[in-house]
Amino acid sequence: MKNRCYSILYLLALLLCEPSLAQETAEKRPLITILEELQGRFEVRFNYASDLLEEITVAIPNKESSLPEIVEQLRQDTGLDFVFLSQNAISIKARATLLCGYVRDKDSNEPLSYTTIQSNGKGTVTDEEGFFELALQGISQTIVIRHIGHRTIRREAHLFDTSQCGTIHMVAEQQKLPEIILSQYLIRGMDKLDNGAFQLDFDQFSILPGLVEKDVLQSVQALPGILSIDETVSNINIRGGSNDQNLILWDNIKMYQSGHFFGLISMFNPQITQKVALQKNGTPSSFTDGVSGTIAMSTDKNINPALKGSLGINLIDANGFVDAPLGENASVQVAARKAISDFFETPTYSEYFSRIAQDTEIEVNDALVTNSDIEFDFYDASLRFLYRPSDKDFLRLNFIHTANEVVFTESAEVGNNQVERESGLDQTSIAAGFFYQRQWNDRFKTEIDIYNTDYKLRGINANVLQDQRFLQENLVSETGARFVAQNELQENFILRSGYQFIETKVTNLDDVDNPIFRRLEGELLRTHGVFSELDWSSSNRNTYLNVGVRFNYLDKFRRQLWEPRLSFNHRFLKYFNLEVLGEFKHQNTSQIINFQNDFLGIERRRWQLSNDMDIPVIQSKQGSLGLSYQESGWLINTVGFLKEVDGITTKSQGFLDSFEFVRTSGRYDAFGVDFLLRKQLQKWNLWLSYGYLNSGYDFDELPETEFRSNFDITHSITSGITFSTSKLNLAIGGNWRTGKPFTPPLSNNEVVDGEINYGMANSNELDDFIRLDFSAIYSAKIGKKTSLRTGVSIWNLLNRENPINTFFRVNPQNEAQQILQRSLGITPNASLKLLFF
């Protein structure tokens, strides 16, 4: 009976409540409908964007309420702003909300700088502390937060706490990114990674002595064990190796040209090149070539949410850069530079031109021939396009075009007639690349790389006295493709495997028109590579290990090459790091010098392909052991290394003595020590680095089989002091090294039968090289979104005439004449750059 009473009461209550619920539901109506009724009722006009009010429903206002009361109630219910423009006009806008916060890694709690935060076509990036601010128009829009190496966050704005600047944690994707183990190795923005590489981050870069612009290849020469024996970026020597033994990559595109001004400045625009990774040893198995080292440059991987760029000029070139978003999922970067020598000649240009013209056809010609109308120009243009169609897909397109050109007129009186002919040299590179990455799930991702690069060196040497034109060309065309699959086997274990195909074609042309002579040589080589490597890192991140192997098949030679790789790093006793690196590598291309007057004597080197006979495949073995200590601003780093390179030719080593015209193959061995001492004192950075190198040749077919290498700089020291604030950067530094080895003539018997009578190979060396540099950069904000950066630098402050090379020739008096080539003298530079963001 009691249960029946309860049931009757429940039914009565339900019947009484149902009309009330129905009435309440009926009172909710679309906001647009209510506004239309209010316009007729109060004779007012509401101005709004229709898409702003779509799908918004509100309760029907009380008919007894006044217009201001109704508007206030709608403001509270919708979160929109109702602004009275006049008594009869009301504007409806999304209420501006400021979202701010700190973005950090969930595991390490470290700030994530340069994280992009986007919403409705607007966006911002986090600063070095991971902080950001973004104005929101309404709380219904979606916020997208992206950072390389972390999972993308997509969340509606109302789910964030806008009442305070809280912390947003991002979860790392299941991939191993190199970790910084020695921060600010020399200066801010120059770090040592756990895989053995050095990283230069130009977004955080402070300043180096003598540089007013962030020159990519000049900057790497500040590191121990790296120098340029002739003070150029096109002849960088890593632990005694020649420049052609360096693998140079720009966004995974192999480049066969590296310098403007025929080697005095880098051709890679620092505005679009964000990071540089330099690896002397322990290279990942996914890389091939570069038996001495790898210099891998990369552009920014983040899609920029807002327009930014710069316009600048210095005493060498004018430059521009723009980074523009193309919606929320794409952006494009464009950068360009051009020499200003077309408009006026600066002291810096004059010093550079004098340096490259030394002992060339431009400077030294027949006594009866006059050179005039000398013109020099260089330019480069770079493009990078990013597109992220989804959180799992990432696409990048790259393009770069660079050129150097010098032309001049040779004139002479021939048969009572004035004859003029034009000589010139041009050096160009055009390359393009495609990269696609797919994150299939939390543990598995794939990458595809495809590129094509073309290099051309073309010289025309006009001989007006003999009515002759000598044309020379060196062409390189290379296509490469690489597929990489990465799988996390279990926590801290990552397996990375893939395949790489490279097709390289090298063509050399020598063409004379009087008498007619033409020699065209072309070589083609296809290489297949299969690689696999295993990454392991301990849970506390104190230990890192990478072991890998690469199998290469050279189809033309039917040759197989196995190459093991090793990289190990262990942190112990809190402040110490132990590093062990090792690798086997090979390369199929090298640069040779046939004659010193090739290509007008300006760029004498030409690329050639191995033929596995008199031009062998170059192979290397290298191992190193390093120990570092870092604490309280002090950094001490010591690395000892052993290196063996087999398959080099005399033509690739730049001999200028009795071996200049000899073609044979051999090897060189090198061992040495790289040492660094660095101290940080608040805004000051002080460092001293020392390099010891012992490098020697072994050529079985030469009269002297073993002797010092041409690149054997036994002792080298660099030091520097920098002072950095948020606006001002100052730097001064010095470079000292022992002189380059050379072969002198025998004393008192220098010329025999009209030829130089040389003594022991490389038994003497040039005077010591000493250079002091200074630079200063000042930045000031001149507007809300604009700033001005000015800088000055002085290269070779002491104006010391450093000899960088020498050779001997027999003069008309049948004597041995020594010819010295010298470095840049005192060279000032200044820059002015306007940045907008």
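Residues numbered from 1 in each chain as written. Predicted model: local features only at pLDDT ≥ 70, side-chain atom pairs only at ≥ 80, totals over all residues. Heavy atoms only, no water.

Undergrad: Hey, could you run me through the overall build of the protein in this one?
TA: When its secondary structure is counted, the protein shows six helices and 54 strands. Taking the principal axes of its C-alpha atoms as reference, the protein extends roughly 135 × 65 × 55 Å. Within the protein, buried positions represent 52% of all 837 residues. Nonlocal contacts in the protein, meaning residues at least 24 apart in sequence, comprise 63% of its contacts between residues at least 6 apart. Computed over 80 positive and 106 negative side-chain charges, the separation of the two mean positions in the protein equals 8 Å. (Helix = DSSP H or I, 4+ residues; strand = E, 2+ residues; numbered from the N terminus. Buried < 20%, exposed > 50% of the residue type's maximum accessible area, 1.4 Å probe, protein only. Contact = heavy atoms within 4.5 Å. Lys, Arg positive; Asp, Glu negative; His and termini not counted. Charge placed at Lys NZ, Arg CZ, Asp CG, Glu CD.)

Undergrad: Teacher, can you tell me more about the side chain of Q257 here?
TA: Position of Q257 relative to the elements: it lies in the loop between β19 (253-254) and β20 (259-260). Among the polar contacts made by the side chain of Q257, one reaches the main-chain carbonyl oxygen of G259 at a distance of 3.4 Å. Polar side-chain contacts of Q257 include one of 2.8 Å to the side chain of S429. Not counting the four nearest positions on each side in its chain, Q257 is found in contact with M267, F268, T402, N404, Q427, T428, S429 and Y455. (Polar contact = N/O pair within 3.5 Å; in protein donor to acceptor, adjacent residues only side chain to side chain.)

Undergrad: Looking at this model, I keep getting lost on the packing of aromatic side chains. Mind explaining?
TA: The description of two aromatic rings rests on the distance between their centres and on the angle between their planes. Under the definition given, this model contains 31 aromatic pairs. An angle of 25° between the planes, with centres 6.0 Å apart, marks the rings of Y349 and F353 as stacked. Of the two residues, Y349 and F353 are both situated in helix α6 (residues 347-357); the distance of four residues between them amounts to about one turn of the helix. This pair shows no difference in class: Y349 is buried, exactly as F353 is. Through successive ring pairs, a cluster of aromatic residues spans F261, F262, Y349, Y352, F353, F376 and F378. Sitting over the face of the ring of F287, R482 holds its NZ or CZ atom 5.4 Å from the ring centroid. Lying over the aromatic face of F595, K651 brings its terminal NZ or CZ to 6.0 Å of the ring centre. (Phe/Tyr/Trp six-rings, centres within 6.5 Å; stacked < 30°, edge-to-face > 60°. Lys NZ or Arg CZ within 6 Å of the ring centre and 35° of its normal.)

Undergrad: Can you walk me through helix α2 (residues 31-42) in this structure?
TA: Side chains three or four residues apart in an α-helix point the same way, a direct result of the helix having 3.6 residues per turn. The terminal C-alpha atoms of α2 lie 16 Å apart, and with 12 residues this matches the ideal 16 Å at 1.5 Å per residue to within 8%. Burial in α2 covers these residues: L31, I34, L35 and L38. Along the axis of α2, the buried positions cluster into a sector of 100°, meaning they face one direction only. At the exit of α2 stands E43, carrying a positive phi of roughly 55°. (Expected span 1.5 Å × (residues − 1). Arc of directions from axis to C-beta.)

Undergrad: Whenever I open this one, the nonpolar core confuses me. Can you help?
TA: The tendency in soluble globular proteins is for nonpolar side chains to be buried side by side. By size, the foremost hydrophobic cluster in this structure holds 75 residues, and its most contacted members are L186, M255, F261, F268 and F376. At five residues, α6 tops the list of elements feeding residues into this core. Filtering out sequence-adjacent residues up to four positions away, F261 remains in contact with I316, Y349, Y352, F353, I356, F376, F378 and N404. Membership of the second largest hydrophobic core comes to 19 residues, among which are L227, I229, L702 and F707. (Core = buried A, V, L, I, M, F, W, Y, C linked by side-chain atoms within 4.5 Å.)

Undergrad: So what exactly am I meant to see when it comes to the side chain of N404 here?
TA: With respect to the helices and strands, N404 occurs in strand β28 (residues 393-414). According to the relative accessible area criterion, N404 is buried, its value standing at 1%. Polar side-chain contacts of N404 include one of 3.5 Å to the side chain of H260. Excluding its chain neighbours within four sequence positions, the residues that come into contact with N404 are Q257, G259, H260, F261, F262, F376, D377, F378, L425, D426 and Q427.

Undergrad: Is there a simple way to explain a nonpolar patch on the surface in this structure?
TA: Judged by side-chain polarity, L681, W684, L686, I721, I732, L797 and L798 come together as a nonpolar surface patch covering roughly 590 Å² of accessible area. When you line up the elements, W684 lands in strand β42 (residues 684-698). (Patch = residues over 30% accessible without salt bridge, like charges linked within 9 Å, V, L, I, M, F, W, Y side chains within 5 Å. Areas by Shrake-Rupley, 256 points an atom, 1.4 Å probe, with all protein chains shown as cover. Salt bridge = Lys/Arg side-chain N within 4 Å of Asp/Glu carboxyl O.)

Undergrad: Could you clarify how one ought to interpret the sheet that holds β19 in this entry?
TA: Whether parallel or antiparallel, the strands of a sheet pair through hydrogen bonds between backbone atoms. Read across the sheet, seven strands follow the order β13-β14-β15-β22-β23-β18-β19 without closing on themselves; strand pairing throughout is mixed. The open sheet has two edge strands, β13 (180-182) and β19, and neither has a second partner. Looking at chain direction, strand β18 (residues 246-250) and β19 are connected through two bridges and run antiparallel. Bridge pairing in β19 links W250 to I253. (Pairing = 2+ DSSP bridges.)

Undergrad: Would you mind showing me how to read α6 here?
TA: If you check which residues of α6 are buried, you get T348, Y349, Y352, F353, R355, I356 and A357. Positive phi shows up at D359, right after α6, with a value of about 55°.

Undergrad: What should I look at first to understand the pattern of salt bridges in this one?
TA: It is possible for side chains bearing opposite charge to pair when their charged atoms get close. One pass over the full model with this rule turns up 38 salt bridges. With a closest N to O distance of 3.5 Å, E488 and R443 form a salt bridge. Highlighted residues: E488 in strand β31 (residues 468-490) and R443 in the loop between β29 (417-439) and β30 (444-463), separated in sequence by 45 residues. A salt bridge links R822 to E801, with the shortest nitrogen-to-oxygen separation between them at 3.8 Å. Note that R822 is positioned in strand β53 (residues 816-822) and E801 in the loop between β51 (786-795) and β52 (803-810), a separation of 21 residues in sequence.

Undergrad: I tried to follow the sheet that holds strand β4 (residues 80-84) on my own but got confused; where do I start?
TA: Strand order in this open sheet of three strands is β2-β5-β4, and the pairing throughout is mixed. Each having just a single partner strand, β2 (45-47) and β4 make up the two edges of the open sheet. Each adjacent strand pair in this sheet contributes to an overall mean axis angle of 25°, direction not counted. Pairing between β2 and strand β5 (residues 89-94): three bridges, direction parallel. Within β5, the residue paired with N47 across the bridge is S91. In this fold α2 packs onto β2, β4 and β5, with an angle of close to 145° to the strand it touches most, β2. Seen against the sheet, helix α4 (residues 67-78) touches β4 and β5 and runs at an angle of roughly 155° to β4. (Axes fitted to C-alpha atoms, helices over the stretch in contact; angles between N-to-C directions.)

Undergrad: Sorry if this is basic, but what is going on with the confidence of the model for the protein here?
TA: When pLDDT is averaged along the protein, the result is 89; 95% of the residues meet or exceed 70. Confidence, read as mean pLDDT per element, is least for helix α1 (residues 2-26) in the protein (41) and greatest for strand β40 (residues 634-649) (97). Residue range residues 1-26 is modelled with pLDDT below 50. Its contacts to residues more than four positions away, or to other chains, number one contact. (pLDDT = per-residue confidence, 0-100.)

Undergrad: I keep staring at the environment of T479 and nothing clicks. Help me out?
TA: Considering the arrangement of structural elements, one finds T479 in strand β31. On the basis of relative accessibility, which here comes to 32%, the residue T479 falls in the partly exposed class. When the C-alpha positions of T479 and L395 are compared, they lie 19 Å apart, and in sequence the two are 84 residues distant. If near-sequence neighbours (up to four positions away) are discounted, T479 is found in contact with Y451, N452, F501, I502 and E503. Of the polar contacts made by the side chain of T479, one reaches the side chain of N452; its length is 2.7 Å.

Undergrad: Teacher, can you tell me more about the environment of R154 here?
TA: Within the secondary structure, R154 is located in strand β11 (residues 153-156). Its relative accessible area of 45% is what places R154 among the partly exposed residues. Expressed as a C-alpha distance, the spacing of R154 and D391, which sit 237 residues apart in the sequence, is 9.5 Å. Among residues more than four places away in sequence, those in contact with R154 are I143, V144, R146, N329 and D391.

Undergrad: Got a minute to help me understand a negative patch on the surface in this structure?
TA: On the surface, a cluster of negative charge is made up of D373, E375, E405, E420 and E422. Contributing elements (two or more residues each) for the negative patch: β27 (370-390) and β29. The topology assignment puts D373 in strand β27.

Undergrad: Quick question: what am I supposed to make of the packing of α2 against α4 here?
TA: The packing of two helices is summarised by the inter-axis angle and the distance between the axes. Across the interface, α2 lies against α4 with an axial gap of 12 Å and an inter-helix angle of 170°. Taken together, the axes of α2 and α4 lie roughly antiparallel to each other. In this structure, α2 uses L31, L35, L38, R41 and F42 to contact α4, whose residues at the interface are L67, I70, L74 and T78. Tallied by class, residues from the contact of α2 with α4 come to seven nonpolar, one polar and one charged. (Parallel < 35°, antiparallel > 145°, perpendicular 65-115°, else oblique. Nonpolar A, V, L, I, M, F, W, Y, C, P; charged D, E, K, R; others polar.)

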